[in-house]
Amino acid sequence: MPVAANARVPTLEMRNVSKTFPGVKALNGVRLQAWGGEVLALMGENGAGKSTLMKILSGAYQPDPGAEILIDGEPAAITDPIAAKHHGIAIIYQELALAPNLSVAENMYLGDEIHNRGLIDRRTMYEKCRPVLQRLGAPFDPETIVGTLSIAEQQLVEIARALHAKSKILVLDEPTTALSSRETERLFTLVRQLRADGIALVYISHRMAEVYELADRVSVLRDGTYVGTLEHDEISADALVKMMVGRDLSTFYKKEHDPHASRGPVILEVRNLTDGRRVKPCSFQLHRDEVLGIAGLVGSGRTELARLIFGANSKAGGEILLEGRPVEINEPEDALNLGIAYLTEDRKALGLFLDMSCGDNINVGVMQRDARPGGILDRAAAWRRAEAAFKALKVRAASPIVQVGSLSGGNQQKVLLARWLEIGPKLLILDEPTRGVDIGAKSEIYRIIDELAAKGIGIIVISSELPEIIGICDRVLVMREGQIQGEVGGTTGYAISQENIMTYAAGAAA
């Protein structure tokens, strides 16, 4: 850290912060300290209390009696978001709070517009905003309509608004979720610039690589309580995981890759399957109780191959055999009728009905089971099914009646998985099953995958996270430029390792 933290008064200090909702203690005596000129990462599982703590800081929630918030060592009464703004606090959430039909300058001045003779003085607002945008290296003008900007550029508008308001405490809540790798690098550069300018940054993320790269310190919450803080030199995956979930990283994966383990019969065989464009002829087999990984760099054709098997993309050639019999899969309904389920990589856009309840999302694929004469649904049967799924997959929500869009990423993923399990699949394709999911939920999803394989379901896992692929798969196919470039694990003689996978993925293998 640039300056020893204990030698200065914290820019932000939160003491003994508790928050009780009806029947739930969301926070219990939490404390937090952040200094100007540092990046403090705030980590914890979904549901650990991070968002509740930040909403108290923003004035959206009021804490239970006994809490203290100090700014530059002085007690601060943060009674509402306006008071938070006056104390120099700005929070940029995942869901950006901008008016898309207004200009950049109008968004930066929203609620505090400059007037001249009773009219909004846009010209003066444009001129006053320009230096802030130039300071951030923004590639747009104050007159630009916000709705025409990319997500990364809109995020820049939020940061510019915070700087224009002379904020000294800036909270970034999962800021890279919707950004490309290049946009993420630009954001990192900006974060370092803001740190050098003396701003206290609180960076909320569950991505450890980002924390390693940016954080001067990391504070961890678990189940609404403060666990501890690590200095930069103390940060490691093992230490953070143990603080967040109470157990070691080594318990997350099944490490044994026994090449001589007996396998069940072949459940799926793919012969020369191709779409004629992105996927060149591919062939492989999957056994009944096996977890088969598909790895490769972005754009290698992994998802396209999965969509071909599921019938979501049209095939140009090749053959699919299920339990030894050739099958025709021309659309997803054909695959579902054959007992093939596909969990998409984009659960929000392509998987879930976010404005419907968890129970309806779970039951939507098997509604015909609940049909009574006259077209009436047996809601009681559907409710029992959803409750059983909640219990089996340990979905963290009050009940199946809760809207699925309100759940954390990990619990949304479990609801989507529950839907496909209700059809009784023989084959389950999981495309990026833990994307956007916190560490604790990842562990539970790995447990579910192991249990399903043990029951004889054939499972294909596509993942960009090599530790995940290495840790949970029995064999791994590696794709490159639409082809299966090689295979590791099983009886190949090649260990499932990062080096062997990347050798094939990068085209370095002969």
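Residues numbered from 1 in each chain as written. Predicted model: local features only at pLDDT ≥ 70, side-chain atom pairs only at ≥ 80, totals over all residues. Heavy atoms only, no water.

Engineer: With reference to specific residues and values, describe the state of the cysteines.
Structural biologist: Scanning the model with the defined rule gives zero disulfides in all. The closest cysteine sulfur to the non-disulfide-bonded Cys-282 is located on Cys-473, 17 Å from its own sulfur. Classification of Cys-473 as buried rests on a relative accessible area of 0%. (Disulfide = S-S within 2.5 Å. Buried < 20%, exposed > 50% of the residue type's maximum accessible area, 1.4 Å probe, protein only.)

Engineer: Would you mind going over the packing of helix α14 (residues 409–421) against helix α15 (residues 439–454) in detail, with residue names and values included?
Structural biologist: At a minimum axis distance of 10 Å, the contact between α14 and α15 shows a crossing angle of 15°. One way to sum up the angle between α14 and α15 is to call them roughly parallel. For the pair α14 and α15, the crossing hand works out as left-handed. Within the contact between the two elements, α14 uses Gly-410, Gln-413, Lys-414, Leu-417 and Leu-421 and α15 uses Ala-441, Glu-444, Ile-445, Ile-448 and Leu-452. Of the residues in the contact of α14 with α15, the class split is six nonpolar, two polar and two charged. (Axes fitted to C-alpha atoms, helices over the stretch in contact; angles between N-to-C directions. Helix = DSSP H or I, 4+ residues; strand = E, 2+ residues; numbered from the N terminus. Parallel < 35°, antiparallel > 145°, perpendicular 65-115°, else oblique. Left-handed = near helix turned anticlockwise from the far one by under 90°. Contact = heavy atoms within 4.5 Å. Nonpolar A, V, L, I, M, F, W, Y, C, P; charged D, E, K, R; others polar.)

Engineer: So, the pattern of salt bridges: which residues are in play, and what are the values?
Structural biologist: By the definition in use, this model includes 26 salt bridges. Arg-15 is the partner of Glu-13 in a salt bridge, and the nearest nitrogen-oxygen pair spans 3.2 Å. Note on Glu-13: relative accessible area 14%, which makes it buried. Using a relative accessible area of 33% as the deciding quantity, one classes Arg-15 as partly exposed. By sharing partners, the salt bridges in this structure join Glu-13, Arg-15 and Glu-68 into a single network. (Salt bridge = Lys/Arg side-chain N within 4 Å of Asp/Glu carboxyl O.)

Engineer: Go over the nonpolar core with me, naming the residues and quoting the values.
Structural biologist: Counting residues in hydrophobic clusters, the biggest one holds 46 residues, and the most contacted among them are Leu-428, Ile-459, Val-476 and Ile-501. Tallying contributions element by element places α15 first for this core, with seven residues. The residues contacting Ile-501, other than those within four sequence positions of it, are Ala-295, Leu-466, Ile-469, Ile-470, Val-476, Val-478, Val-488 and Ile-496. Core analysis: the next-biggest nonpolar cluster, separate from the first, contains 37 residues, Leu-98, Val-146, Leu-170 and Leu-187 among them. (Core = buried A, V, L, I, M, F, W, Y, C linked by side-chain atoms within 4.5 Å.)

Engineer: I'd like a rundown of the sheet that holds strand β6 (residues 89–92), residues and numbers included.
Structural biologist: Spatially, six strands are ordered β6-β9-β10-β3-β11-β12 in an open sheet, and the strand pairing comes out mixed. Across the chains shown, the open sheet's two edge strands, defined by having one partner strand only, are β6 and β12 (225–231). On average, each strand axis in the sheet is inclined to that of its neighbour by 20°, with strand direction left out of account. With five bridges connecting them, strand β3 (residues 38–43) and strand β10 (residues 200–204) associate as parallel partners. Each bridged residue has a counterpart across the sheet, and for Ala-41 the counterpart in β10 is Tyr-203. The strands touched by helix α6 (residues 181–196) are β3, β9 (169–173) and β10; relative to β10, the strand with the most contacts, the crossing angle is about 150°. (Pairing = 2+ DSSP bridges.)

Engineer: Outline unusual backbone geometry, listing residues and values.
Structural biologist: Its identity as a non-glycine residue notwithstanding, Asn-16 has a phi of 50°, on the positive side. Here Asn-16 lies in strand β1 (residues 12–21). Phi is positive for Asp-72, close to 55°, though the residue is something other than glycine. Relative accessible area serves as the criterion here: at 39%, Asp-72 is assigned to the partly exposed category.

Engineer: Give me the environment of Trp-420: which residues, what numbers.
Structural biologist: Summarising the element assignment, Trp-420 is placed in helix α14. Along the chain, Trp-420 and Leu-53 lie 367 residues apart, while their C-alpha atoms are 35 Å from each other. Residues contacting Trp-420, with those up to four places away along its chain left out, are Leu-336, Ala-341, Tyr-342, Leu-343, Pro-425 and Leu-428.

Engineer: Lay out the sheet that holds strand β22 (residues 458–462) in plain terms, naming residues and giving numbers.
Structural biologist: Pairing is mixed across the open sheet formed by six strands, whose spatial order is β18-β21-β22-β15-β23-β24. Edge strands, defined here as strands with exactly one partner in the open sheet, are β18 (340–343) and β24 (483–489). Neighbour-to-neighbour, the strand axes of the sheet open up by a mean angle of 20°, direction not taken into account. With six bridges connecting them, strand β23 (residues 475–480) and β24 associate as antiparallel partners. Considered in β24, the bridge of Val-476 is made with Val-488. The strands touched by α14 within the sheet are β18 and β21 (427–431), with β18 carrying the most contacts at an inclination of about 170°. Set on the sheet, α15 makes contact with β15 (291–296), β21 and β22; between it and β22 the angle comes to about 150°.

Engineer: So, the environment of Asn-16: which residues are in play, and what are the values?
Structural biologist: For Asn-16, a relative accessible area of 42% corresponds to the partly exposed category. As for Asn-16 and Gly-59, which are separated by 43 residues in sequence, their C-alpha atoms are 16 Å apart. Beyond its immediate chain neighbours, meaning those up to four positions away, Asn-16 contacts Gly-29, Val-30, Gly-66 and Ala-67. A polar atom in the side chain of Asn-16 sits 3.3 Å from the backbone oxygen of Gly-66. (Polar contact = N/O pair within 3.5 Å; in protein donor to acceptor, adjacent residues only side chain to side chain.)

Engineer: Now, about helix α1 (residues 50–58): what can you tell me, with residues and values included?
Structural biologist: When you tally the buried positions in α1, you get seven out of nine residues, the bulk of the element. Positive backbone phi, at 90°, marks Gly-59, one or two positions downstream of α1.

Engineer: Tell me about the side chain of Thr-52, and name the residues and values.
Structural biologist: In this structure, Thr-52 sits in helix α1. In contact with Thr-52, other than residues within four places in its own chain, are Lys-19, Phe-21, Ala-26, Leu-27 and Tyr-61.

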